[in-house]
Structure formats: structure tokens, C-alpha cells
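Residue-level structural notes
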Amino acid sequence: QVQLVESGGGLVQAGGSLRLSCAASGRTFSRYDMGWFRQAPGKEREFVAAISWSGGSSYYADSVKGRFTISRDNAKNTVTLQMSRLKFEDTADYYCAAAPSSNTWKTKSRDYLDWGQGTQVTVSS
């Protein structure tokens, strides 16, 4: 099991930037693919971005492609989501999640075993 703690959420104006971090502890972090999801009020949780165990590959939802960047530092057991050109519709609770590494991209919540408690992002229009 991997314990995950997100930070960095807050209030930002549309067009602005925000950096989310996720600190991991427990099992060997580098054995896990990592993902970010978000859930807006009244909506289902949706995939945002994923990164492979090595950090060499990443995958994004179409809605954030070109605006968000996922990265990881296996030496520090952290994964980061850099968000830029934020839009009102990016407002949501953001969660990081861990899944045992594999050769396929995981975009469904059920593919991830461990989750953080979430951090709130509010984008004002």
C-alpha cells in the first residue's frame, strides 16, 4: 500500500497557474504508475493525467492536454501536476492515485489501488 498526500490546491483566477504536489510513502514508489484525477461538484471523478513508473512517459485527458504537465521525482517520492491557463471548468477536487506499474495507460478510477485525500482547486472566472 502507498500512502498519498496532496497539497498545493487553492483559489486562482482564470488564466492563472497552480502546482499540485503529491507526496508518497510506504511501498517502493518507483514500482507504481501514478495518476491525477479530479471530481467537480455533482460530477463523476474523471481522469486528468498519468505518468509511468520511470517518468519517461505521460498521458493526458484531452481537456487538459497542452495546459497541464505531470512529472515525478522518484528520489523524493513525489508526483507533481503543473496546471497553467486554468479555466473555470478546471474547478474540482484533485486526487493523486497509485497503481502497480504496467504497460498500459490507466484512465479509470478502478485501475488505481491507493488514493490521496484530495486537494481543492477553485478557478474564478
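I will try to describe carefully the structure that is included in this document. (Residues numbered from 1 in each chain as written. Predicted model: local features only at pLDDT ≥ 70, side-chain atom pairs only at ≥ 80, totals over all residues. Heavy atoms only, no water.)

Further remarks concern the state of the cysteines. Evaluated as defined, the whole model comprises 1 disulfide. Residue pairing for cysteine 22: its cysteine sulfur links by disulfide to cysteine 96, the two sulfurs lying 1.9 Å apart. Negative torsions about the S-S bond denote left-handed disulfides, and the value of about 45 degrees found for cysteine 22 with cysteine 96 makes this one right-handed. Taken together, the residues cysteine 22 in strand β3 (residues 18-26) and cysteine 96 in strand β9 (residues 92-100) connect sequence positions 74 residues apart. There is no split in this pair, since cysteine 22 and cysteine 96 are both buried. (Disulfide = S-S within 2.5 Å. Helix = DSSP H or I, 4+ residues; strand = E, 2+ residues; numbered from the N terminus. Buried < 20%, exposed > 50% of the residue type's maximum accessible area, 1.4 Å probe, protein only.)

What follows concerns the layout of surface pockets. Of the voids in this model, the largest pocket is the one considered here, and its volume is about 200 Å³. The wall of the largest pocket is formed by Arg38, Gln39, Ala40, Pro41, Lys43, Glu44, Glu46, Phe88, Glu89, Thr91 and Ala92. (1 Å grid on protein atoms, 1.4 Å probe; cavity = no way out; pocket = protein on both sides within 12 Å on 5 of 7 lines; lining within 4 Å. Points joined across faces, edges and corners; volume = space filled by probe spheres on them.)

This part takes up the nonpolar core. Soluble globular proteins tend to bury their nonpolar side chains together. Ranked by size, the top nonpolar core spans 36 residues in total, and within it Trp36, Leu81, Met83 and Tyr94 carry the most contacts. Elements supplying a minimum of two residues to this core: β1 (2-7), β3, β4 (32-39), β5 (46-51), β7 (68-73), β8 (78-83), β9 and β11 (119-124). Beyond its immediate chain neighbours, meaning those up to four positions away, leucine 81 contacts Leu18, Arg19, Leu20, Trp36, Val48, Ala49, Phe68, Thr69, Ile70 and Tyr94. (Core = buried A, V, L, I, M, F, W, Y, C linked by side-chain atoms within 4.5 Å. Contact = heavy atoms within 4.5 Å.)

Read from one edge to the other, the open sheet built from 4 strands follows the order β1-β3-β8-β7, with strand pairing classed as antiparallel. The open sheet terminates on both sides in strands that have one partner only, identified here as β1 and β7. Adjacent strand axes in the sheet meet at a mean angle of 15 degrees, parallel and antiparallel pairs treated alike. Inspection of the sheet shows β1 paired to β3 by 6 bridges, in the antiparallel sense. Its bridge partner being in β3, serine 7 is matched across the sheet by serine 21. (Pairing = 2+ DSSP bridges. Axes fitted to C-alpha atoms, helices over the stretch in contact; angles between N-to-C directions.)

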